[in-house]
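Tertiary structure, described
Residue strings, one per chain:
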Amino acid sequence: MNISEKMKQDWDERAQHHARFWIATENYQTEEVFEQSGRATAQALIESLTDLHRPSWNVLDIGCGIGRVLKPLAKHFHTLAGIDVSSTMIAQSKTWLADHPNITTSENSGVDLREFKNESFNLVYSYVAFQHMPRTVFDQYLREINRVLSPEGYLALQLPIGPYFDVPIEDTIGIRSYTFQEIEQKLRNNGLAFLDDSRIHHNNSININQPFDHRFHIIKKIKTVKPAPKVQWVQLERPQHTSALDMHLYETYADNCAKMGNPHEGIQTLQDLVQRNPKHLSGWLRLAALLLEDGQVQQAVTTLEELTALHPRYQEGKVTLQQLLARHQRESSTSQEEKKQFSC
Ligand SMILES: C[S@@+](CC[C@H](N)C(=O)[O-])C[C@H]1O[C@@H](n2cnc3c(N)ncnc32)[C@H](O)[C@@H]1O
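Residues numbered from 1 in each chain as written. Predicted model: local features only at pLDDT ≥ 70, side-chain atom pairs only at ≥ 80, totals over all residues.

Our focus in this paragraph is the packing of helix 8 (residues 244-259) against helix 9 (residues 263-276). Orientation of helix 8 relative to helix 9, taken along the N-to-C sense of each, is 160°, at an axis distance of 6 Å. When the axis of helix 8 is compared with that of helix 9, the two are roughly antiparallel. As helix 8 runs across helix 9, the sense of the crossing is left-handed. For the pair helix 8 and helix 9, the contacting residues are Y250, Y253, A254, D255, C257 and A258 in the first and P263, E265, G266, T269, L270 and L273 in the second. Looking at side-chain class alone, the contact of helix 8 with helix 9 contains eight nonpolar, two polar and two charged residues. (Axes fitted to C-alpha atoms, helices over the stretch in contact; angles between N-to-C directions. Helix = DSSP H or I, 4+ residues; strand = E, 2+ residues; numbered from the N terminus. Parallel < 35°, antiparallel > 145°, perpendicular 65-115°, else oblique. Left-handed = near helix turned anticlockwise from the far one by under 90°. Contact = placed C-beta atoms within 7 Å. Nonpolar A, V, L, I, M, F, W, Y, C, P; charged D, E, K, R; others polar.)

In structure tokens:
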């Protein structure tokens, strides 16, 4: 499996689970909340373009998901195209964008823009998508963006810029962060440059506790560079690798389900998660805790027994199991006492 196939597989899985959640983990609960978040992102994009944008523009969204940002942008531009590596996201975008004839969406390879002709867009933008891709894939996209942008076209780029951070190549969702110097160099290599880098200098004072900057940076095409030679993407050494962020977000989703009064869906999510990733210890503990909260004591005990059988040296699992068994025994003897008193 190469990186293109891995990105496809992982993002399809996430989209099949709950596309809105994996696109906007804090604004997914209802269509209205999700739509409102799309309007806010579109507004931020328009504002960052100041007076540059024109209604005649053709626009491309890279990593469009189901079209959260495309939809509110439809009234601002002539045509809009969205591409996404996940066929499931694209399938759902057809419904989400059904009433917008000037928007088209399609599945792409996840590594290039081969479906588009040279110089076909005035504006390319991307929001919370490049941050999930390996650096080599981002490089390839920058070269392709240069090719598909019209002379003097613009790129509106959202990407964490601040301290350098990377995750393994197989990680298709972990967040990568770039230094300003690294981005500047990559842009220069691809015939692109920040329009106004004073904004970025301001950005260099990034707060380490808030490393994920969601602003758009406006970048201009300054010259046409040679298209990249065709890349042979190597086979991944660990194609089954699951990101720590995936695990964390599945747990978050399950907790949210419980908070919103739907513990059974949360339990189901965690059961699927630990079946697929039996080494994910905190997933097992969260599952046991949710079962317990839901009054399924015997199921919780069985879950922890399964966990300690799989990981006999995992002390926290054992301790939790003992506490649970003790609590279970206390509760069942209390209820037997109550029954006895009642029958007397
Ligand atoms: C967090 S979502 C954001 C979606 C959309 N940009 C938005 O803000 O609503 C990230 C999206 O990027 C897509 N994606 C991830 N890697 C990609 C790649 N290499 N090429 C194209 N799309 C990709 C995912 O399938 C997913 O739909």
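Let's shift gears to the site of the ligand. Inspection of the region around the ligand gives 21 residues, with W11, G63, G65, R68 and G110 positioned closest. At three residues, the largest contribution of residues to the shell around the ligand is made by helix 1 (residues 3-23). Among the residues forming the shell around the ligand, the class breakdown is 13 nonpolar, six polar and two charged. (Near = placed C-beta within 6 Å.)

On to the nonpolar core. Counting residues in hydrophobic clusters, the biggest one holds 76 residues, and the most contacted among them are V124, L155, A156 and L287. In terms of residues, this core owes the most to one element, helix 1, which gives eight residues. Counting the residues that make up this core, at least three belong to each of domain 1 (3-221) and domain 2 (244-343). In contact with L155, other than residues within four places in its own chain, are V124, I145, L149, L192 and I219. (Core = buried A, V, L, I, M, F, W, Y, C linked by C-beta atoms within 7 Å. Buried ≥ 20, exposed ≤ 12 C-beta atoms within 10 Å, placed from the backbone. Domains from an automatic or database assignment.)

Below, the discussion takes up the environment of H18. Looking at the element boundaries, H18 is found in helix 1. As a C-alpha pair, H18 and M89 span 71 residues in sequence and 9.9 Å in three-dimensional space. Setting aside chain neighbours within four positions, we find H18 in contact with Y28 and Y253.

The quantities given are spatial measurements derived from coordinates; they are silent on function.
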